[in-house]
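What follows is the residue order along each chain.
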Amino acid sequence: MAEKKLSKKTLSSSFHHWYYGNLTCFTQEHMQTFGYLAAMLPIVEELYSDKEDQKKAMNTYTAFFNTEPQIGSIVVGITAGLEEARANGEDGVTDETINGLRAGLMGPLAGIGDSLIVGTLIPVLLGIALGLSNGGNPLGAIFYIIVWNLLAYFGMRFAYNKGYELGGKAVEVLVGPQGQAIRKAVGVVGGMVIGAVAATWVSVKTSLELKNSSGKVFLSLQKQLDNVYPGLLTAAFIILCWWLMAKKKMSPITVMLLLVVIAFVGVLVGFFDPGLKY
């Protein structure tokens, strides 16, 4: 019996199903499960000619799955390689093996992906785009749309193909000491980038001033704060947002609405000036 080998066309089709549909039918119950099923469908259809065998193989991927979609492409590639091995009768490749690997990788990869992609790459690209957008220049938006999509597409494709090549060996690389070191390093870099972006683009100032009976200003709170700690209000608001989302588990939308309320009340009491350019 000839060994079954996935064609480049099938691997490409599987990747594109994941790239375009990783959030297909996304729900809190299933998350990325249906996107995963869509990505594995071309793999299973090529490896198994019998419909019952296809159904049995696809049933493996109905288990819950959720990770960072870009870095998570590697998991789809790994399981494509494992499914190929199972179709060729390789010992030890079972439903439990595949789902155990998926469950073991989706958490660590989510941590790496959130730090590397969401916490580092996207803020850097947005920072560059904001700089290019000064004065209403559309170049910033064009830059972000083109560069992000190119990086996402080719990065995800590389991760998928690398996962297919690695197969089960990827577990040791991504979950072992090497993977832990990568996650820690990326987390540090991500924190530095977020801090730099916040310091560059976020500015919170107060217009509160105290005047004497003759109307002369004898105390400007913003000037006093700048003398003691420049950017204190900005840092305080950033820390507040982090605390509300990280510790109190508030959603970003709720935090933004709270900031709107704070700004509105601040203007009413004279703490913020609605005409002040930040």
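Residues numbered from 1 in each chain as written. Predicted model: local features only at pLDDT ≥ 70, side-chain atom pairs only at ≥ 80, totals over all residues. Heavy atoms only, no water.

Undergrad: Help me get a handle on the packing of helix α2 (residues 33–47) against helix α3 (residues 51–59), residues and values and all.
TA: What describes two packed helices is the angle between their axes and the distance between those same axes. Running from N to C, α2 and α3 point in directions that differ by 145 degrees, and their axes come no closer than 10 Å. Once α2 is placed against α3, the crossing between them reads as right-handed. Contacts from Leu37, Met40, Leu41, Val44 and Glu45 in α2 reach Gln54, Ala57 and Met58 in α3. Here the residues of the contact of α2 with α3 are counted per class, giving 6 nonpolar, 1 polar and 1 charged. (Axes fitted to C-alpha atoms, helices over the stretch in contact; angles between N-to-C directions. Helix = DSSP H or I, 4+ residues; strand = E, 2+ residues; numbered from the N terminus. Left-handed = near helix turned anticlockwise from the far one by under 90°. Contact = heavy atoms within 4.5 Å. Nonpolar A, V, L, I, M, F, W, Y, C, P; charged D, E, K, R; others polar.)

Undergrad: An account of a nonpolar patch on the surface is requested, with residue identities and associated values reported.
TA: A cluster of nonpolar side chains, contributed by Met250, Leu258, Val261, Phe264, Val265, Leu268 and Val269, occupies part of the molecular surface with about 640 Å² of accessible area. Topologically, Leu258 is positioned in helix α11 (residues 252–269). (Patch = residues over 30% accessible without salt bridge, like charges linked within 9 Å, V, L, I, M, F, W, Y side chains within 5 Å. Areas by Shrake-Rupley, 256 points an atom, 1.4 Å probe, with all protein chains shown as cover. Salt bridge = Lys/Arg side-chain N within 4 Å of Asp/Glu carboxyl O.)

Undergrad: Describe the packing of aromatic side chains, with residues and values.
TA: Centre-to-centre distance and the angle between the planes together describe a pair of aromatic rings. Counted under the stated rule, the structure contains 12 aromatic pairs. Where Tyr19 meets Tyr20, the ring centres are 4.8 Å apart and the plane angle is 75 degrees; that geometry is what we call edge-to-face. Counting every residue linked through ring pairs, the aromatic cluster contains Phe15, Tyr19, Tyr20, Tyr153, Phe154 and Tyr160. (Phe/Tyr/Trp six-rings, centres within 6.5 Å; stacked < 30°, edge-to-face > 60°.)

Undergrad: How would you summarise the environment of Lys216 if you had to cite specific residues and measurements?
TA: Looking at the element boundaries, Lys216 is found in the loop between β1 (209–211) and β2 (217–220). Setting aside residues no more than four positions away along its own chain, Lys216 makes contact with Leu210 and Lys211.

Undergrad: Could you give an account of α11, naming the residues involved and the relevant values?
TA: It helps to recall that an α-helix has 3.6 residues per turn; residues three or four apart then point in one direction. Relative to the 26 Å expected for 18 residues at 1.5 Å per residue, α11 spans 26 Å between its end C-alpha atoms, a close match to the ideal helical length. Within two residues after α11, Gly270 carries a phi angle of roughly 90 degrees, on the positive side. (Expected span 1.5 Å × (residues − 1).)

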